[in-house]
Amino acid sequence: MDYREYAKELIDQIPESNLLYVMCFLQGAALTDSKPSAKPAPEGAEQEDH
């Protein structure tokens, strides 16, 4: 069994109330890592705390 088939089996076992968390994770995992979405801060720049 390959990873995709195993993942589908596991998804079928997840309670409906937890599927939102899985969907958010899968959407993030499906994004490509080719370009970062934010530029790194220049050296010496202060970063905001969120």
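Owing to the predicted nature of the structure, the values given are computational and were not obtained by experimental measurement.

(A) Structural view of the overall build of the protein. A tally of regular secondary structure across the protein gives two helices and zero strands. Here the protein, with 50 residues, has 0% of them falling under the buried criterion. On the protein, roughly 5,500 Å² of surface is accessible, and the fraction owed to carbon and sulfur atoms is 54%.

(B) Spotlight on helix α2 (residues 19–30). Between its first and last C-alpha atoms α2 spans 16 Å; for 12 residues at 1.5 Å apiece the expected length is 16 Å, and the two agree. For α2, the buried fraction is low: zero of the 12 residues fall into the buried class.

(C) Molecular detail of a negative patch on the surface. Together, Asp-2, Glu-5, Glu-9 and Asp-12 give the surface a local cluster of negative charge. Following the sequence through the fold, Asp-2 ends up in the segment before α1 (3–13). For Asp-2, a relative accessible area of 40% corresponds to the partly exposed category.

About the cut-offs
- Along each chain, numbering runs from 1 in the same order as the chain's sequence is written.
- Totals for whole chains, interfaces and linings use every residue, but because this is a predicted model, local features are given only for residues with pLDDT of at least 70 and side-chain atom pairs only at 80 or more, for both listing and counting.
- With hydrogens and water stripped out, all remaining heavy atoms of the structure feed into the side-chain values.
- Comment: elements are numbered from the N terminus, with helices defined as DSSP H or I runs of at least four residues and strands as E runs of at least two.
- Partly exposed describes any residue whose relative accessible area lies between the buried limit of under 20% and the exposed limit of over 50%, with all areas from a 1.4 Å probe on protein chains only and scaled to the type maximum.
- Residue-level accessible areas treat just the shown protein chains as cover; the underlying method is Shrake-Rupley with a 1.4 Å probe.
- Each residue after the first adds 1.5 Å to the expected span of a helix.
- Without a salt bridge and with relative accessible area above 30%, a residue can belong to a patch; like charges are then joined within 9 Å and nonpolar side chains (Val, Leu, Ile, Met, Phe, Trp, Tyr) within 5 Å.
- A pairing counts as a salt bridge when a side-chain nitrogen of Lys or Arg comes within 4 Å of a carboxyl oxygen of Asp or Glu.
- Only four residue types enter the charge count: Lys and Arg as positive, Asp and Glu as negative, with His and the chain ends excluded.
- All charge positions are set by atom: Lys at NZ, Arg at CZ, Asp at CG, Glu at CD.

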